[in-house]
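Summary of structural features
Spelled out, the chains give:
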Amino acid sequence: VGEGGILDGGIRLQDRQLLLGGGTEQIIDIQNGRQFRLGGDTGGNAVLTNVGGANVVILADDNIVRGVVVDATGATNGLNSNGGNNGTIENNTISGAAEFGILASSSSGDWAYNNNTLTGNGVDGLHVRNALDPNATFEVDGNTATGNGFDGIHFENFFADTLVFSNNTTSN
């Protein structure tokens with residue numbers, strides 16, 4: 001897409017894919033505790049949109065979404081992890097969805113939602129529902145979820161093993 005470009009049409013990630021934004025260095029875990037350093041200052045972030053679509057980004061299993069800007073204006077949801085298993089969603093800006101900035105429905109495994117800015121979404125910034133995996137861990141840390149229609153961060157029908165919830169700023 002290039003620096004400051006716009007990708008309009010939505011993205012469907014496959015299992016274990018990474019969706020990484022530009023503008024900052026990315027540290028990627030590879031194997032046996034080793035890491036790969038990708039880029040540095042690569043310019044401005046591209047903006048992801050999907051006007052008239054249901055979701056801007058659809059997640060699969062074991063995805064990482066880091067450092068992207070999602071303008072969900074005209075879409076139902078920004079990110080949707082319906083039925084996904086394990087994921088990391090961090091350092092993103094997601095705004096303008098008709099319903100949810102991030103929708104996590106029937107997710108299992110371990111999830112981290114850290115340092116995201118979720119604003120101006122019609123219902124909730126982050127909405128987690130039907131998380132019924134008794135061994136799952138959900139980490140929600142350092143997010144700013146303000147100016148959304150109902151809740152900044154909302155959990156319902158949640159029966160996971162562990163919820164780590166800290167350092168978040170929320171308001172509607």
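Provided above is the structure to which this section pertains.
As a convention, each chain's residues are numbered from 1 in the sequence order in which they are written. Totals for whole chains, interfaces and linings use all residues, but because this is a predicted model, local features are given only for residues with pLDDT of at least 70 and pairs of side-chain atoms are given and counted only at 80 or more. Calculation of side-chain values draws on the structure's entire complement of heavy atoms; hydrogens and water are dropped beforehand.

**Digging into the sheet that holds strand 14 (residues 108-114)**
Pairing between strands requires that DSSP locate at least two bridges from one strand to the other. The helix and strand labels rest on DSSP assignments: H or I over at least four residues marks a helix, E over at least two residues marks a strand, and numbering proceeds from the N terminus. Taken in spatial order, the six strands line up as 3-8-11-14-17-20 in an open sheet, and their pairing is parallel. Every interior strand has two partners, whereas the edge strands, strand 3 (18-20) and strand 20 (162-166), have only one. Each strand axis lies, on average, 5° off the axis of its neighbour in the sheet, ignoring direction. Looking at chain direction, strand 11 (residues 85-90) and strand 14 are connected through five bridges and run parallel. Within strand 14, the position partnered with N85 by the bridge is S108. A fitted line through C-alpha atoms serves as each axis, taken over the contacting stretch for helices, and the angle formed by two N-to-C directions is quoted from 0 to 180°.

**With respect to the environment of D61**
By the element assignment, D61 lies in the loop between strand 7 (55-58) and strand 8 (63-66). For D61, a relative accessible area of 24% corresponds to the partly exposed category. With 46 residues separating them in the primary sequence, D61 and S107 have C-alpha atoms 9.4 Å apart. The contact criterion used throughout is that any non-hydrogen atoms of two residues lie within 4.5 Å. Residues in contact with D61, not counting those within four places in the same chain, are Q14, D15, R16, G83, G84, N85 and N86. A polar atom in the side chain of D61 sits 2.9 Å from the backbone nitrogen of N85. Three exposure classes are used, based on accessible area relative to the maximum for each residue type with a 1.4 Å probe and protein chains only: buried under 20%, partly exposed in between, and exposed over 50%. N or O atoms closer than or at 3.5 Å make up a polar contact, with two conditions inside protein: a donor-capable atom paired with an acceptor-capable one, and, for residues adjacent in sequence, both atoms drawn from side chains.

**Re the packing of aromatic side chains**
Between the rings of Phe, Tyr and Trp (Trp by its six-membered ring), a pair exists once the centres lie within 6.5 Å; its type follows the angle of the planes, with under 30 degrees stacked, over 60 edge-to-face, and the other angles tilted. Under the counting rule described, the total for this entry stands at four aromatic pairs. Plain terms: the ring middles of F138 and F158 are 5.3 Å apart, the flat faces sit at 75° to each other, and that makes the pair edge-to-face. Of this pair, F138 sits in strand 17 (residues 137-141) while F158 sits in strand 19 (residues 153-158), placing them 20 residues apart in sequence. Arranged with centres 5.0 Å apart and planes meeting at 85°, the rings of F155 and F158 form a pair that is edge-to-face. Using a relative accessible area of 22% as the deciding quantity, one classes F155 as partly exposed. An aromatic cluster of three or more residues is present, and its members are F138, F155 and F158.

**Concerning the side chain of N63**
Mapped onto the secondary structure, N63 falls in strand 8. The exposure class assigned to N63 is buried, which follows from its relative accessible area of 2%. When near neighbours in sequence (up to four residues on either side) are disregarded, N63 contacts L13, Q14, D15, R16, Q17, N86, G87 and T88.

**A look at the pairing of strand 13 (residues 100-105)**
With respect to burial, strand 13 is a largely interior element, six of its six residues being buried. Pairing of strand 10 (residues 77-80) with strand 13 involves three bridges; the strand directions are parallel. Residue pairing for strand 13: N77 is matched across the bridge by F100.

**Let's talk about unusual backbone geometry**
In this structure, N86 is a non-glycine residue whose phi angle is positive, near 65°. Relative to the elements of secondary structure, N86 occurs in strand 11. Phi angles above zero are rare outside glycine, and N157 is one such case at about 50°. A relative accessible area of 38% places N157 in the partly exposed class.

Treat this as a map of the structure, not an account of what it does.
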